[in-house]
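So you can see what is in the structure, the chains are spelled out below.
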Amino acid sequence: MNYSITAHNANFIPPVQKPNPAFLKEIGEQGIRDLLRRLYICLDTSPIRSIFPPEDTQGMMEASQISADFFIQICGGPDYFNQNRGMPQMRGRHAPFAITAEARLHWLTCFEEALKPLEGNISEDNLQSFWNYINIFSIMMINTQG
Ligand code: HEM
């Protein structure tokens, strides 16, 4: 696996490709829910914890499942996020939170930690296509300098 992180360049946003739907077929909806739970467990004790509104770990776990709805949908599954929250409009939804290039690195580091247990169980191509998606898409969530 290549968990490389594309440097943020405010003048150029590389094209985004959605994850291969075969990733969802392999991992299953519960697998995505578990993945997002691992992400938020890591974020809960990360240096960027303060930008997340939930007050406690329980709140973070609930937030993780809203995000899981989104990731199931973007991987070609049912549109749970649209049904529960409306159109994704991710940039707008992230606008209230100060996301710096450094915050993105912490977020991706937690995602790498959450993905690692899947190595060996999920085909490398599918795992890579998921990483490539979050690597690029996360650039667009940066909304604050510094
Ligand atoms: C660049 C690093 C990122 C940071 C620091 C970040 C941070 C946050 C924060 C603070 C929230 C609000 C609290 C919550 O509900 O969890 C949030 C929500 C969310 N984020 Fe991110 N995010 C990042 C990137 C992304 C990316 C790349 C995606 C999707 C590909 C994403 C998907 C979501 C979703 C689906 C929600 C829930 C929105 C809702 O509640 O309606 N985030 N994120």
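In what follows, the structure referred to is the one given above.
Description of the structure in this document. (Residues numbered from 1 in each chain as written. Predicted model: local features only at pLDDT ≥ 70, side-chain atom pairs only at ≥ 80, totals over all residues.)

1. Some remarks on the nonpolar core
- Counting 29 residues, the largest nonpolar core has Ile32, Leu36, Leu39, Phe71 and Cys75 as the members making the most contacts within it.
- Contributions of two or more residues to this core are made by helix H1 (21-44), helix H2 (57-74), helix H5 (101-115) and helix H6 (124-137).
- Ranked by residue count, the leading element in this core is H1, at nine residues.
- The residues contacting leucine 39, other than those within four sequence positions of it, are Ser64, Cys110, Phe111 and Ala114. (Core = buried A, V, L, I, M, F, W, Y, C linked by C-beta atoms within 7 Å. Buried ≥ 20, exposed ≤ 12 C-beta atoms within 10 Å, placed from the backbone. Helix = DSSP H or I, 4+ residues; strand = E, 2+ residues; numbered from the N terminus. Contact = placed C-beta atoms within 7 Å.)

2. So, the site of the ligand
- Around the ligand lies a shell of 21 residues, among which Ala63, Phe70, Arg104, Trp107 and Met141 are the nearest.
- Counting residues per element, the ones that place at least two in the shell around the ligand are H2, helix H4 (90-94), H5 and H6.
- Among the elements that make up the shell around the ligand, the one with the highest residue count is H2 (four residues).
- Of the residues belonging to the shell around the ligand, the class tally is 15 nonpolar, three polar and three charged. (Near = placed C-beta within 6 Å. Nonpolar A, V, L, I, M, F, W, Y, C, P; charged D, E, K, R; others polar.)

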